[in-house]
Amino acid sequence: MQALTNRSMVVVNKKMTWMERIYLPAIIGGLMITIRHLFKKKVTIQYPEQERPRSAVYRGWHVLKRDEQGRENCTACGLCAVACPAEAITMTAAERKPGEEHLYREEKYASVYEINMLRCIFCGLCEEACPKEAIFLTDRIVPSGMLRENFIFGKDKLVEGVEPDNRIDVSKRARAHRTY
Amino acid sequence: MDTTEFLIKLILVISVFGISLLIAMYSTYAERKVAAFLQDRLGPNRAGPFGILQPVADGVKMFMKEEIIPANADKFLFIAGPSLMMLTACMTGVVIPWGGELTIGRNTFNLQITDVNIGLLYIFGVVSIGVYGIMIGAWASNNKYSLMGGLRASSQMISYELAMGISIIALVMTTGTLSTKEIVEQQSSWHWNILYQPLGFLIFLVCAFAETNRTPFDLPECETELIGGFHTEYSSMKLGFYLFAEYINMFISSAILATLYFGGYNFPFIESWGLSPNAVTIIGTLLFFGKIFFFIFFFMWVRWTIPRFRYDQLMNLGWKVMIPLALFNLFITGIITLWRNGAF
């Protein structure tokens, strides 16, 4: 059989020669291999300071988008909660009052919107289900924590900021999404 | 013994004790760093700059852990085990010549705590008591896994002590003395014993690995397959003592290796530099510590190179290879000694 690479070695159960049986040359050879690694470039990525490059369409921490005028897109239709296979999403719908038109795009909105990040499996079905392009998964990693309660993310952690600087860019993810 | 001499000895004893503990403490850090570097990682680097406070953090953790003495354990022996281990580990440093002579004012004093004329025998006596620390701890735990671990450990240590002793007899035949001081003095300049006893050195080195329970002979305490061996039931600082004693043992073994085979505080051509005697002593001591640190590094280097032996392989190597080899070395040394004395 022809070898596919030049790395394969034929294993023979032959009797070892004297030099092989005293093991010392093999041990010294091994020591030389390990000492070479002492001077090699380290592969560690020092996580909080350094981050491994991630794909722009990475599925991480969700964002609830606003439109160009800074109004929340979400209308609390509940399709994301229905689509969610992990049942991580809950919400309470409320009716928009007169004078709140600059806050919510349509006359119904989510007064409470919670995602349990410990239940979420980051599959992205919520954004597929969303008819209003309101929810997206982003390339931000959900931070770790010591308490379970802190992993239920409310609107304070999910809705993006109004100011242009605080907007979260999901254009790449949205584009990838549209090609489905 | 007058007061000055007493004070000097006291200072020496305390500093040797302190240095042993300090080096053992930083060996734990060095172990993790070396392990990491040999595996292309960075190792602990969060506690303090470059992680140098890591041993302190580990120590605090050890002290804060819950102290558990099993209900059916023999309480006295359970505490005596790790204490004995620690005690014997700290006792061996006494006869090691850490340096030459320092002259301050009119006083000349030796950088060795005591020059017993049976120094080597003393070391071996104390080291063999170390086995009891493990056996007592294992027995007192009243746990079959601990007991089996203890049996493994003690039979390993006793088996390799034989070969080690025989390799030392060959060394004593060439040096003609048991005093560690005299052995070092004989190795002045480049007359290191490694050149006269290469095979003996090899046997001693392998046995030193086995005696300190280091890889590839770390069966007594491999956590993954053999659930920690003799210290399965230990927690908190009593476990810390066992682990710490291992590092002190490693330091002392390295010191003994450097003393017996690598010329101790001697270094080639140091006389020709024309330095004052005190400077020579200090440089010698620093070089001695350099040699010790090299051996400590070597212990760690080997740990991340060679996989662990199986138990039957360990016993095969000990009884069927090391002891015959040591006897052969003894025989050859004897013939050469006779030949040099003109017996043929």
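I would appreciate a short explanation of the overall build of chain B in the present structure.
Scanning chain B from terminus to terminus reveals twelve helices and two strands. Here chain B has a C-alpha radius of gyration of 21 Å; the compact-globule value for 344 residues is 20 Å, and the two agree. Taken along its principal axes, the extent of the C-alpha atoms in chain B is 60 × 50 × 45 Å.

Could you clarify how one ought to interpret the overall build of chain A in this entry?
Counting its secondary structure elements, chain A contains six helices and five strands. When the elements of chain A are put in sequence order from the N terminus, they spell out α-α-β-α-β-β-α-β-β-α-α. Counting only C-alpha atoms, chain A reaches 95 × 40 × 30 Å along its principal axes. Across chain A, contacts joining residues at least 24 apart in sequence account for 75% of those joining residues at least 6 apart.

Would you mind showing me how to read unusual backbone geometry here?
With the exception of glycine, most residues fall at negative phi, and the peptide bonds are largely trans. Residues and elements named next belong to chain A. Residue A76 is not a glycine yet carries a positive backbone phi of 55°. With respect to the helices and strands, the residue A76 is situated in the loop between β1 (62-64) and α3 (79-83). Accessibility expressed as a C-beta count within 10 Å gives 23 for A76, which makes it buried. Backbone geometry at F122 places phi at a positive 55°, although glycine is not the residue there. Along the chain, F122 falls in the loop between β3 (108-116) and α4 (125-129).

What should I look at first to understand the interface of chain B and chain A in this one?
One frequently used descriptor of interface size is the decrease in accessible area upon assembly of the parts. Across the boundary between the two partners, chain B contributes ten residues, which contact eleven residues of chain A. The residue inventory of the side of chain B that touches chain A, partitioned by class, reads six nonpolar, two polar and two charged.

Help me understand the nonpolar core in this model?
Taken as a class, soluble globular proteins show a tendency for nonpolar side chains to be buried jointly. With 78 residues, the main nonpolar core has B:C207, B:F251, B:L257 and B:M322 as its most contacted residues. No other element matches helix α10 (residues 236-261) of chain B, which puts 15 residues into this core. Contact partners of B:C207, with chain neighbours within four places excluded, come to B:Y160, B:A163, B:M164 and B:M322. If you look at the next biggest cluster of nonpolar residues, it comprises 21 residues, including A:L64, A:Y113, A:C126 and A:I135.

For this particular structure, what's the right way to read the environment of B:P82?
All names here are of chain B. Looking at the element boundaries, P82 is found in helix α3 (residues 75-91). Overall, the presence of 24 C-beta atoms within 10 Å leaves P82 in the buried class. In this structure the C-alpha to C-alpha distance between P82 and A24, which are 58 residues apart in sequence, comes to 16 Å. With residues near it in sequence (within four places) discarded, P82 still touches G133, G137, K238, F241 and Y242.

Looking at this structure, how should I read the sheet that holds β3(A)?
Strand pairing within a sheet occurs via backbone hydrogen bonds; the two strands may be parallel or antiparallel. All names here are of chain A. With antiparallel pairing, the three strands of this open sheet are ordered in space as β2-β3-β5. The outermost strands of the open sheet, each flanked by one partner alone, are β2 (89-95) and β5 (152-153). Summarising the sheet, β2 and β3 pair through seven bridges and their orientation is antiparallel. Its bridge partner lying in β3, T90 is registered against E114.

Help me out: how do you make sense of the environment of B:N142 in this one?
All names here are of chain B. Assignment of secondary structure puts N142 in the loop between α4 (119-140) and α5 (144-175). Given 16 C-beta atoms within a 10 Å radius, N142 is considered partly exposed. Through-space distance from the C-alpha of N142 to that of L111 is 44 Å; in sequence the pair is 31 residues apart.

What's the story with helix α1 (residues 3-38) of chain B in this structure? I'm lost.
Residues spaced three or four apart along an α-helix point in a common direction, a consequence of the helix completing one turn every 3.6 residues. Here α1(B) is 36 residues long and its end C-alpha atoms lie 50 Å apart, about the 52 Å a rise of 1.5 Å per residue gives. The set of residues buried in α1(B) consists of B:I23, B:A24, B:S27, B:Y29, B:K33, B:V34, B:F37 and B:L38. Packing partners of the buried residues in α1(B) comprise α2 (24-38) of chain A together with α2 (54-64), α10 and α11 (277-303) of chain B. Note on α1(B): the residue one or two positions beyond its end, B:D40, has a positive phi of about 65°.

It is not clear to me how the confidence of the model for chain B should be interpreted in this structure. Could you clarify?
Should pLDDT be low for a region, the predicted coordinates there are not to be read in detail. Chain-level statistics for chain B give a pLDDT mean of 86 and a share of 99% at 70 or above. Across the interface, the model reports ipTM at 0.80; the global pTM reads 0.83.

Just to check I follow, could you spell out the environment of A:L158 for this structure?
Residue and element names in this part refer to chain A. Mapping L158 onto the fold places it in helix α5 (residues 155-158). Taking the C-alpha atoms as reference points, L158 and R105, separated by 53 residues in sequence, lie 17 Å from one another. Beyond its immediate stretch of four places on either side in the chain, L158 contacts H62, V63, L64, Y113, I115 and F153.

Can you walk me through the packing of helix α8 (residues 198-211) of chain B against α10(B) in this structure?
Two numbers describe a pair of packed helices, the interaxial angle and the distance between the axes. Residue and element names in this part refer to chain B. Running from amino to carboxyl end, α8 crosses α10 at an angle of 170°, the nearest separation of the two axes being 11 Å. Judged by the inter-axis angle, α8 sits roughly antiparallel to α10. Between α8, through F201, F204, L205, A208 and E211, and α10, the contact on the second element is made entirely by S253, L257 and Y261.

Sorry, what's going on with the pairing of strand β1 (residues 101-104) of chain B here?
Within a regular strand, the side chains alternate between the two sheet faces. Residue and element names in this part refer to chain B. When β1 meets strand β2 (residues 107-110), the two strands line up antiparallel, connected through four bridges. Note that in β2 the partner of L102 across the bridge is F109. In this antiparallel pair of consecutive strands, β1 and β2, the connection spans two residues, and G105 shows a positive phi of 65°.

How should the packing of α5(B) against α8(B) be read in this particular structure?
Residue and element names in this part refer to chain B. Interaxial distance between α5 and α8 falls to 9 Å at its minimum, and their mutual angle equals 155°. As summarised for this structure, α5 and α8 are arranged roughly antiparallel, according to the angle between their axes. Along this stretch, α5 crosses α8, giving a crossing that reads as left-handed. Touching Q156, M157, Y160, E161, A163, M164, S167, A170 and L171 of α5 are G200, I203, F204, C207, A210 and E211, all from α8.

About the criteria used
- Residues numbered from 1 in each chain as written.
- Chains lettered and ligands numbered in written order.
- Predicted model: local features only at pLDDT ≥ 70, side-chain atom pairs only at ≥ 80, totals over all residues.
- Helix = DSSP H or I, 4+ residues; strand = E, 2+ residues; numbered from the N terminus.
- Rg over C-alpha atoms; globule rule 2.2 N^0.38 Å.
- Contact = placed C-beta atoms within 7 Å.
- Buried ≥ 20, exposed ≤ 12 C-beta atoms within 10 Å, placed from the backbone.
- Nonpolar A, V, L, I, M, F, W, Y, C, P; charged D, E, K, R; others polar.
- Core = buried A, V, L, I, M, F, W, Y, C linked by C-beta atoms within 7 Å.
- Pairing = 2+ DSSP bridges.
- Expected span 1.5 Å × (residues − 1).
- pLDDT = per-residue confidence, 0-100.
- Axes fitted to C-alpha atoms, helices over the stretch in contact; angles between N-to-C directions.
- Parallel < 35°, antiparallel > 145°, perpendicular 65-115°, else oblique.
- Left-handed = near helix turned anticlockwise from the far one by under 90°.

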